[in-house]
Amino acid sequence: MATLRLTQVYLEPAQKAALQKRAKAKGTKVAEEIRNAVGSYLAGITAEDLKLLDMATRETKKHFDAMIEDLDTVNKKLDAAFAEMERIHGDKPSAPAGSAL
């Protein structure tokens, strides 16, 4: 990492408290959170960009959750169908590949 320089920054009490809470939750330091925020700002990532990304991520999660629920339903139906096939056919040997039943 490059040599860091001490810079004094005045924050509102609520900003400082929020940064401390965030850093504690992430296992980082307040200074690292500030450096990350400054880096994002300098890279041109705006608060609106982050808001849009957050909204898109949450919407995508909803779609994935719905897909998982659908797949779970299909798997349950398949499990029931296979169990029924096993019950009907029992321990009969299956026909060789390519042969007619």
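What counts and how
Along each chain, the written sequence defines residue order, and numbers are assigned to residues from 1. Whole-chain, interface and lining totals are the exception, using all residues; otherwise, since this is a predicted model, local features are given only for residues with pLDDT of at least 70 and side-chain atom pairs are given and counted only at 80 or more. By convention in this description, side-chain values take in all heavy atoms of the structure and omit both hydrogens and water. The distinction between a cavity and a pocket rests on a 1 Å grid over the protein atoms alone: a 1.4 Å probe fits inside a cavity but cannot get out, while a pocket stays open yet meets protein on both sides within 12 Å along at least five of seven lines, and a residue with an atom within 4 Å of a point counts as lining. Grid points are joined across faces, edges and corners, and a volume is the space filled by probe spheres set on the points. Labels follow the DSSP assignment, with helices taken as runs of H or I lasting at least four residues and strands as runs of E lasting at least two, numbered in each case from the N terminus. Charged means Asp, Glu, Lys or Arg here, nonpolar means Ala, Val, Leu, Ile, Met, Phe, Trp, Tyr, Cys or Pro, and polar covers whatever is left, Gly included. In a helix, the anticipated span is given by 1.5 Å times the number of residues less one. By salt bridge we mean one thing: a side-chain nitrogen of Lys or Arg within 4 Å of a carboxyl oxygen of Asp or Glu. Partly exposed residues are those whose accessible area sits between 20% and 50% of the maximum for their type, while under 20% is buried and over 50% is exposed, using a 1.4 Å probe and protein chains only.

## As for the layout of surface pockets
Right, on to step 1. Of the pockets and cavities examined, the largest pocket occupies roughly 370 Å³.
Right, on to step 2. Forming the walls of the largest pocket are Leu-4, Arg-5, Leu-6, Thr-7, Val-9, Leu-11, Lys-16, Val-30, Ala-31, Ile-34, Arg-35 and Val-38.
Right, on to step 3. Among the elements that make up the lining of the largest pocket, the one with the highest residue count is helix α2 (residues 30-42) (five residues).
Right, on to step 4. Grouping the amino acids of the lining of the largest pocket by side-chain chemistry returns eight nonpolar, one polar and three charged.
Right, on to step 5. Roughly 300 Å³ of internal volume is contained in the second largest pocket.
Right, on to step 6. In this structure, the second largest pocket is lined by 14 residues; those nearest its centre are Arg-22, Glu-33, Asn-36, Ala-37 and Leu-50.

## Comments concerning helix α1 (residues 13-26)
Right, on to step 1. If you check α1, its first and last C-alpha atoms are 20 Å apart, about what 14 residues at 1.5 Å a residue would give, namely 20 Å.
Right, on to step 2. Phi for Gly-27, located one or two positions after α1, is positive at around 75°.

## As for the pattern of salt bridges
Opposite charge on two side chains permits them to pair, given that their charged atoms come into close proximity.
Right, on to step 1. In total, this model carries six salt bridges according to the counting rule given.
Right, on to step 2. Between Glu-33 and Arg-22 there is a salt bridge whose closest N-O contact spans 2.9 Å. Here Glu-33 is found in helix α2, whereas its partner Arg-22 is found in helix α1, with 11 residues between them in sequence.
Right, on to step 3. Of the residues examined, Glu-33 reaches a relative accessible area of 5% and is grouped as buried.
Right, on to step 4. With a shortest N-O distance of 3.3 Å, Glu-33 and Lys-26 are connected by a salt bridge.
Right, on to step 5. Taken together, the salt bridges that share partners define one network made up of Arg-22, Lys-26 and Glu-33.

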